[in-house]
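# Per-entry structural report
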Amino acid sequence: MRGRLLRLSFLLVSAFLVVSLSALPPVNAKEPKLESSDTMIPSGDAGIQLFVRNKHLAGRESSPDKILLFVHGATYPAETAFDLPIEGVSMMDLIARRGYDVYLVDVRGYGHSTRPPEMSQPPEANKPIVSTQVAAHDLGAAVDYILHKRKVTRINLMGWSWGTSIAGSYTTGHNDKIEKLVLYAPQWIRNEPAPPPVTPLGAYRLVSKDSAKARWLKGVAADKQADLIPPGVFEAWATATWATDPEASKHNPQMLRAPNGVMEDSANTYGAGKALYDPGKITVPTLLLHAEWDADLPSYQAQAYFAQLKNTPYKRLIELSEGTHTVMMEKNRMQFFHELMGFLDEERPLALK
């Protein structure tokens, strides 16, 4: 009788373990390990340090042609989007697993980089800070840091939203330092009425999580909104993003500070029918990535920008389906990834054989 009870107990425990283990997510023992490091680098301006993150395969150095630097847009820092784990892996992770030495940078006033002293004063006390020109200067500091660290002469560069103006304008003067250029949601001249200007435009603006969610879903049909953003992603992104601002919790609800230099630049150029810089001066291979539901920077801007790229060895415009300005973190993010890697990985794209 006792033996029979022991055997029954053993079977029950075994069955429990099988059920419990089957409920765990599968573990891929072959998934390559990554090394990650965070660094503060000098901007070249006194008192201003820039946050740079790097990820690459553990114990291996990528080949010189597999280096990529990412720069963010007008409101949010780089790391909370580009390195936000979604289903356990971030966009930065995916690229690093393909053998790339991947970097991101926050320009001053964003993320973990130094906030100019004007951001500790009321916004109306100062004029808009961190212009596109200043941001391009900061991007250049990150490029030079990587070139020196890796002992290379060129790297790949990717900008998102306002980051396309930062990266694009930087490249026009430094084509010799860029291998390939990726512009994700390119910013260009508006042909629809600009929103009413905020007057006076102070040094920075305050952004709530609710306004960020509304902006994310702007222009998306009601029946498409529910499954656009993977479960928990907006909440994880918002929590991580607002946590980068040490003063966010001083407000109820929490408010993120974002420099207004980009707003002034956009109003005086793109919003006024003028170009901020000349894309015709870009002479490196260039990829434009855009999503069809992007209400911030609609498709016509990407198409018009593409036409201005008159001196690249080759160029490409990819329009992704069912995605917004933030497609990199949405259900179709793998379409984004595959198109990006197809461009970065291809060898001799102009060869006949």
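Residues numbered from 1 in each chain as written. Predicted model: local features only at pLDDT ≥ 70, side-chain atom pairs only at ≥ 80, totals over all residues. Heavy atoms only, no water.

## Some details on the confidence of the model for the protein chain
This prediction gives the protein chain a mean pLDDT of 91; 90% of its residues lie at or above 70. Low confidence marks residues 1–27, where pLDDT is under 50. Its contacts with residues over four positions away, or in another chain, come to zero contacts. (pLDDT = per-residue confidence, 0-100. Contact = heavy atoms within 4.5 Å.)

## Comments concerning the packing of helix 6 (residues 209–217) against helix 7 (residues 233–243)
One can describe the packing of helix 6 onto helix 7 by two numbers: an axis separation of 11 Å at closest approach and a directional angle of 135 degrees. Relative to helix 7, helix 6 is oriented oblique. As helix 6 packs across helix 7, the resulting crossing turns out to be right-handed. Only Phe234, Trp237, Ala238, Thr239 and Trp242 of helix 7 make contact with helix 6, whose side of the interface consists of Lys209, Ala212, Lys213 and Trp216. For the contact of helix 6 with helix 7, the residue count by class is six nonpolar, one polar and two charged. (Axes fitted to C-alpha atoms, helices over the stretch in contact; angles between N-to-C directions. Helix = DSSP H or I, 4+ residues; strand = E, 2+ residues; numbered from the N terminus. Parallel < 35°, antiparallel > 145°, perpendicular 65-115°, else oblique. Left-handed = near helix turned anticlockwise from the far one by under 90°. Nonpolar A, V, L, I, M, F, W, Y, C, P; charged D, E, K, R; others polar.)

## Things to note about the pairing of strand 9 (residues 286–291)
Strand 9 sits mainly inside the fold: six of its six residues count as buried. Of the strand pairs in this sheet, strand 6 (residues 178–184) and strand 9 are connected by four bridges, and their pairing is parallel. Along strand 9, the bridge assignment pairs Leu181 with Thr286. In this fold, the crossover linking strand 9 to strand 10 (residues 315–320) by way of helix 9 (residues 299–308) has right-handed handedness. (Buried < 20%, exposed > 50% of the residue type's maximum accessible area, 1.4 Å probe, protein only. Pairing = 2+ DSSP bridges. Right-handed = clockwise from strand over helix to strand, strands pointing away.)

## Notes on the sheet that holds strand 4 (residues 101–106)
On the basis of which strands lie adjacent, the open sheet formed by eight strands has the order 1-2-4-3-5-6-9-10 and mixed pairing. Each edge of the sheet is formed by a strand with only one pairing partner; in this case those strands are strand 1 (34–42) and strand 10. Strand-to-strand, the axes of this sheet are offset by a mean angle of 20 degrees, without reference to chain direction. Relative to strand 4, strand 2 (residues 49–57) is paired through five bridges, and the arrangement is antiparallel. Within the sheet, the bridge partner assigned to Arg53 lies in strand 4 and is Leu104. Against the sheet, helix 9 engages strand 6, strand 9 and strand 10, with an angle of about 170 degrees to strand 10.

## Here's the deal with unusual backbone geometry
As a rule of thumb, non-glycine residues mostly have phi less than zero, and peptide bonds are mostly trans rather than cis. Cis geometry marks the peptide bond from Asn252 to Pro253, where omega comes out at 5 degrees. By the element assignment, Pro253 lies in the loop between helix 7 and strand 8 (255–259). Even without glycine at this site, Val130 takes up a positive phi of about 65 degrees. Considering the arrangement of structural elements, one finds Val130 in the loop between strand 4 and helix 4 (132–150). With a phi close to 60 degrees, Ser161 is a non-glycine residue in the positive phi region. Among the structural elements, Ser161 can be located in the loop between strand 5 (155–160) and helix 5 (162–173). The exposure class assigned to Ser161 is buried, which follows from its relative accessible area of 9%.

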